[in-house]
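Secondary and tertiary structure notes
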Amino acid sequence: MKLGVLMDPLASIRPHKDSTLAMLLAAQARGHTLFYMEMADLWLADGRPHAHMRRVRVRDDARDWYSLEEPATMPLDTLDAILMRKDPPFDTEYIYATYLLERAAGAGVLVVNHPRALRDANEKLFTAWFPQCCAPTLVARDAALVREFIDTHGDIVLKPLGGMGGESIFRIVRGDPNTNVVIETLTAHGTRFAMAQRYIPEIASGGDKRILLIDGEPVPYALARMPAPGEHRGNLAAGGRGQGVPLSERDRWICAQVSPALKEKGLLFVGLDVIGDYLTEINVTSPTCIRELDREYGLDIAGDLIQCIEKQVEANRT
């Protein structure tokens, strides 16, 4: 098949750990033709989306991992599938891109993940559809409500709704003298929503687990991201250390609760974040941790994903 990928600049990735590169390597190994795009390459004319695409070949080489051909202008609907792997921030430009991709999806292109689902399923807020899986949570821009939440639970985390990689996640305990300034910063003085969650102390011993699901089915191992000393965030981008762990019964129960909604929305590749017994985020934009789990357990997660995409593309054709 002809497989497009929309992503951040390929030259800027860290190849030894990049999940998008793992997907491209798996697709190329299975004989598919790869086309590379960045956000600026997209455009729409008379309702039909196009892009300046470049044929790309990839290698599993930390110093020389790709080659690009000259760009060619093509309608997106000449592709069989598109991987939407643009990292957050989930801003208005990201949303505009999903509209262009949705036009391609309407013409029969399989977009992973589905553009409408990317708009609907905010990675923080989407957890609200599964309250039975979550620790006490508040989404608000009213500082008084946030302070009341802190008083009730004593120890919380406060984070923006559009970040990634542990960006701007604060831990606040009752009586913290920085409480007001943190709330003011994250809510932009009451003009922006933020999420507060009761702090889950199990992150110190069990880490922040990333569970990957392909078409609703979980990979049997998670990557527990352990916080660095003196740090409350387990994100690898914030200095966390990854450690593979088998899924627990509670992990599998959470996956079973979430899976039907993922399949219904066309969210083919998703990463759940679980701390202790609780679901904290549902990552749908560009989930990572493929390469770490593959190395530790001898898996081929990207290959499994590409095989799933092949089946759906074939179903679309027939």
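Right, let's walk through the structure included here. Predicted model, so just to flag it, every value in this text is computed and none were measured. (Residues numbered from 1 in each chain as written. Predicted model: local features only at pLDDT ≥ 70, side-chain atom pairs only at ≥ 80, totals over all residues. Heavy atoms only, no water.)

Residue position: Asp 18 is located in the loop between β1 (2-7) and α1 (19-29). The buried charged residue Asp 18 lacks any salt bridge, with Arg 85 as its nearest oppositely charged partner at 5.9 Å. A distance of 3.1 Å separates a polar atom in the side chain of Asp 18 from the backbone nitrogen of Thr 20. Not counting residues within four places of it along the chain, the set of residues in contact with Asp 18 comprises Ile 13 and Arg 291. (Helix = DSSP H or I, 4+ residues; strand = E, 2+ residues; numbered from the N terminus. Buried < 20%, exposed > 50% of the residue type's maximum accessible area, 1.4 Å probe, protein only. Lys, Arg positive; Asp, Glu negative; His and termini not counted. Salt bridge = Lys/Arg side-chain N within 4 Å of Asp/Glu carboxyl O. Polar contact = N/O pair within 3.5 Å; in protein donor to acceptor, adjacent residues only side chain to side chain. Contact = heavy atoms within 4.5 Å.)

The next thing to look at is the sheet that holds strand β10 (residues 155-160). Taken in spatial order, the 4 strands make up an open sheet running β9-β12-β10-β11, and their pairing is antiparallel. Every interior strand has two partners, whereas the edge strands, β9 (137-140) and β11 (170-173), have only one. Averaged over all adjacent pairs, the angle separating strand axes in this sheet is 25 degrees, with direction ignored. As paired strands, β9 and strand β12 (residues 194-198) are joined by 4 bridges and run antiparallel to one another. Across the sheet, the residue bridging to Ala 140 is Ala 194, located in β12. (Pairing = 2+ DSSP bridges. Axes fitted to C-alpha atoms, helices over the stretch in contact; angles between N-to-C directions.)

For strand β13 (residues 208-214), the tally of buried residues reaches 7 of 7 residues, placing the bulk of the element in the interior. Side chains Asp 208, Arg 210, Leu 212 and Ile 214 of β13 all project onto a buried face; the interleaved residues Lys 209, Ile 211 and Leu 213 project onto the opposite face, where all are buried too. As judged from the 3 bridges shared by β13 and strand β15 (residues 221-226), these two strands associate in the antiparallel manner. Counterpart to Asp 208 in the pairing with β15 is Arg 225. With 7 bridges joining them, β13 and strand β17 (residues 269-275) adopt antiparallel strand pairing. Note on β17: the bridge partner recorded for Lys 209 is Val 274. Pairing of β13 with strand β14 (residues 217-218) involves 2 bridges; the strand directions are antiparallel.

Bringing helix α7 (residues 249-265) into the picture now. End to end, α7 covers 25 Å across 17 residues, agreeing with the expected 24 Å (1.5 Å per residue, within 8%). Every buried residue of α7 is accounted for by Asp 251, Ile 254, Cys 255, Val 258, Ser 259, Ala 261 and Leu 262. Its buried side turned inward, α7 meets β13, β14, β16 (241-246), β17 and β18 (278-283). In the stretch just after α7, Gly 266 is the one whose phi turns positive, near 80 degrees. (Expected span 1.5 Å × (residues − 1).)

The next point concerns the packing of aromatic side chains. Throughout the structure, instances matching the rule amount to 5 aromatic pairs. Judged by centre distance (6.0 Å) and plane angle (50 degrees), the ring pair of Phe 126 and Trp 129 falls under tilted. Trp 129 sits in the exposed class, given a relative accessible area of 59%. Considering the side-chain rings of Tyr 221 and Tyr 297, the 3.8 Å spacing of their centres and the 15 degrees angle between planes classify their relative orientation as stacked. A residue pair is termed long-range when its members are at least 10 positions apart, and Tyr 221 in strand β15 and Tyr 297 in helix α8 (residues 290-297) qualify at 76 residues. Under the relative-accessibility criterion, Tyr 221 is labelled partly exposed at 28%. Classification of Tyr 297 by relative accessible area gives partly exposed; the value is 26%. One aromatic cluster in this structure is built from Phe 126, Trp 129 and Phe 130. The side chain of Arg 141 reaches across the aromatic face of Phe 193, ending 5.3 Å from its centre. (Phe/Tyr/Trp six-rings, centres within 6.5 Å; stacked < 30°, edge-to-face > 60°. Lys NZ or Arg CZ within 6 Å of the ring centre and 35° of its normal.)

This part is about the packing of α1 against helix α9 (residues 301-317). Packing of α1 against α9 leaves a shortest axis separation of 8 Å and a crossing angle of 60 degrees. Considering their axes alone, α1 and α9 lie oblique with respect to each other. The interaxial crossing formed by α1 with α9 has right-handed handedness. Here Ala 22, Met 23, Ala 26 and Ala 27 of α1 come into contact with α9, specifically with Ala 302, Gly 303, Leu 305 and Ile 306. (Parallel < 35°, antiparallel > 145°, perpendicular 65-115°, else oblique. Left-handed = near helix turned anticlockwise from the far one by under 90°.)

Here we take up empty space enclosed by the protein. Across all of its chains, the model carries 2 cavities of 30 Å³ or more by this definition. Its boundaries defined by the atoms lining it, the largest cavity holds a volume of some 80 Å³. In this structure, the largest cavity is lined by Pro 88, Phe 90, Leu 118, Ala 121, Asn 122, Glu 123, Leu 161, Gly 162, Gly 163, Val 284 and Thr 285. In terms of residue class, the lining of the largest cavity is built from 6 nonpolar, 4 polar and 1 charged. Computed from the structure, the second largest cavity encloses a volume of approximately 60 Å³. Lining the second largest cavity we find Met 23, Leu 83, Met 84, Arg 85, Val 112, Asn 113, Phe 269, Val 284, Thr 285, Ser 286, Pro 287 and Leu 305. The greatest single-element share of the lining of the second largest cavity, amounting to 3 residues, is contributed by strand β7 (residues 81-85). Its residues assigned to classes, the lining of the second largest cavity comprises 8 nonpolar, 3 polar and 1 charged. (1 Å grid on protein atoms, 1.4 Å probe; cavity = no way out; pocket = protein on both sides within 12 Å on 5 of 7 lines; lining within 4 Å. Points joined across faces, edges and corners; volume = space filled by probe spheres on them. Nonpolar A, V, L, I, M, F, W, Y, C, P; charged D, E, K, R; others polar.)

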